[in-house]
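Residue-level listing of the chains:
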Amino acid sequence: MELNEFFKSIIDQDHASVVICNLEHTIIYMNPASINNYAKWGGAELVGKSLLNCHNPNSNELIKKSVDWFGQKTDNNKIHTFYNEKQNKDVYMIALRNEEKKLIGYYEKHEFRTKDLTPFYEFK
C-alpha cells in the first residue's frame, strides 16, 4: 500500500470538513464530511471549481492575502480565519508544502471545541 492511501484514509475518516485547494484556488479534494457539510452549495460538484466562487469579494481578498503570506516564509503555515459560535469551532487555513518546503496549496481545517462526551473505548 502506498503512503498516500494512508493519508487519504486519515482525511476521509475525519468528522470535520477538509477542503484542499491548489495555488490557483481550485478545489482538488473534499473529504466526505465537507461534501456533506457543503451539500447545499454543490457538495462533490465543487471539486474542480474555484474556491473563490464560494466566497464574497472580501473573503476572497483575505484568502489571497493568506496564500501570499504563506509564500513569504516557510514558517507561515497556519492562520485563524473564523470562529463559528453556533458549532463551537475555529476554522483555519493551513499551508501545504512539498518535501522541499515549497508552497503547493492550502486547506481549510476545522477544530471543534465542544467536549466529546462519548465514553472512552465504547465498543458498540
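Just so it is clear, the structure is predicted and the values come from calculations on it, not from any experiment.

Q: Got a minute to help me understand helix 3 (residues 57-72) in this structure?
A: Here helix 3 spans 23 Å end to end across 16 residues, near enough to the 22 Å set by a 1.5 Å rise per residue. When we look at burial in helix 3, the residues that qualify are Asn-60, Ile-63, Ser-66, Val-67 and Phe-70. For helix 3, the buried positions fall inside an angular range of 125 degrees around the axis, keeping them on one side. Away from its buried face by more than 90 degrees, helix 3 exposes Pro-57, Asn-58, Lys-65, Asp-68 and Gln-72. Along its buried surface, helix 3 packs onto strand 3 (78-84), strand 4 (89-97) and strand 5 (103-112).

Q: Sorry if this is basic, but what is going on with the pairing of strand 3 here?
A: Look at any regular strand and the pattern is simple: side chains alternate between the two faces of the sheet. Note that strand 3 and strand 4 share six bridges and pair antiparallel. Across the sheet, residue Phe-82 finds its bridge partner in strand 4, namely Val-91. In this antiparallel pair of consecutive strands, strand 3 and strand 4, the connection spans four residues, and Asn-88 shows a positive phi of 50 degrees.

Q: What exactly am I supposed to notice about the packing of aromatic side chains here?
A: Two descriptors summarise a pair of aromatic rings, namely the distance from one centre to the other and the angle between the planes of the rings. By the definition in use, this model includes three aromatic pairs. In this structure, Lys-78 is placed above the aromatic ring of Tyr-92, and the distance from its NZ or CZ to the ring centre is 4.3 Å.

Q: Just checking my understanding: could you explain the sheet that holds strand 5 for this structure?
A: Two pairing modes exist for strands in a sheet, parallel and antiparallel, and in both the strands are linked by backbone hydrogen bonds. Pairing is antiparallel across the open sheet formed by five strands, whose spatial order is 2-1-5-4-3. With one partner strand each, in any of the chains shown, strand 2 (27-30) and strand 3 form the two edges of the open sheet. Across the sheet, the axes of successive neighbouring strands diverge by a mean angle of 20 degrees, strand direction being ignored.

Q: I tried to follow the nonpolar core on my own but got confused; where do I start?
A: The tendency in soluble globular proteins is for nonpolar side chains to be buried side by side. Ranked by size, the top nonpolar core spans 15 residues in total, and within it Ile-27 and Tyr-106 carry the most contacts. Elements that contribute at least two residues to this core include exactly strand 1 (18-22), strand 2, helix 3, strand 4 and strand 5. The element contributing the most residues to this core is helix 3, with three residues.

Q: What should I look at first to understand the pattern of salt bridges in this one?
A: Pairing is possible between side chains that carry opposite charge, provided their charged atoms lie close to one another. Across all of its chains, the model carries five salt bridges by this definition. For Asp-12, the salt bridge goes to Lys-8, with nearest N and O atoms at 2.5 Å. Residue Asp-12 and its partner Lys-8 are both found in helix 1 (residues 3-13); the two are separated by four residues, about one turn of the helix. Taking relative accessible area as the criterion, Lys-8 reaches 43% and is therefore assigned partly exposed. Salt-bridge contacts for Lys-109 lead to Glu-111; the nearest nitrogen and oxygen are separated by 3.9 Å. Each of the salt bridges in this network shares a partner with another, and the network as a whole consists of Lys-78, Asp-90, Lys-109, Glu-111 and Arg-113.

The rules behind each value
Residues numbered from 1 in each chain as written. Predicted model: local features only at pLDDT ≥ 70, side-chain atom pairs only at ≥ 80, totals over all residues. Heavy atoms only, no water. Helix = DSSP H or I, 4+ residues; strand = E, 2+ residues; numbered from the N terminus. Expected span 1.5 Å × (residues − 1). Buried < 20%, exposed > 50% of the residue type's maximum accessible area, 1.4 Å probe, protein only. Arc of directions from axis to C-beta. Contact = heavy atoms within 4.5 Å. Pairing = 2+ DSSP bridges. Phe/Tyr/Trp six-rings, centres within 6.5 Å; stacked < 30°, edge-to-face > 60°. Lys NZ or Arg CZ within 6 Å of the ring centre and 35° of its normal. Axes fitted to C-alpha atoms, helices over the stretch in contact; angles between N-to-C directions. Core = buried A, V, L, I, M, F, W, Y, C linked by side-chain atoms within 4.5 Å. Salt bridge = Lys/Arg side-chain N within 4 Å of Asp/Glu carboxyl O.

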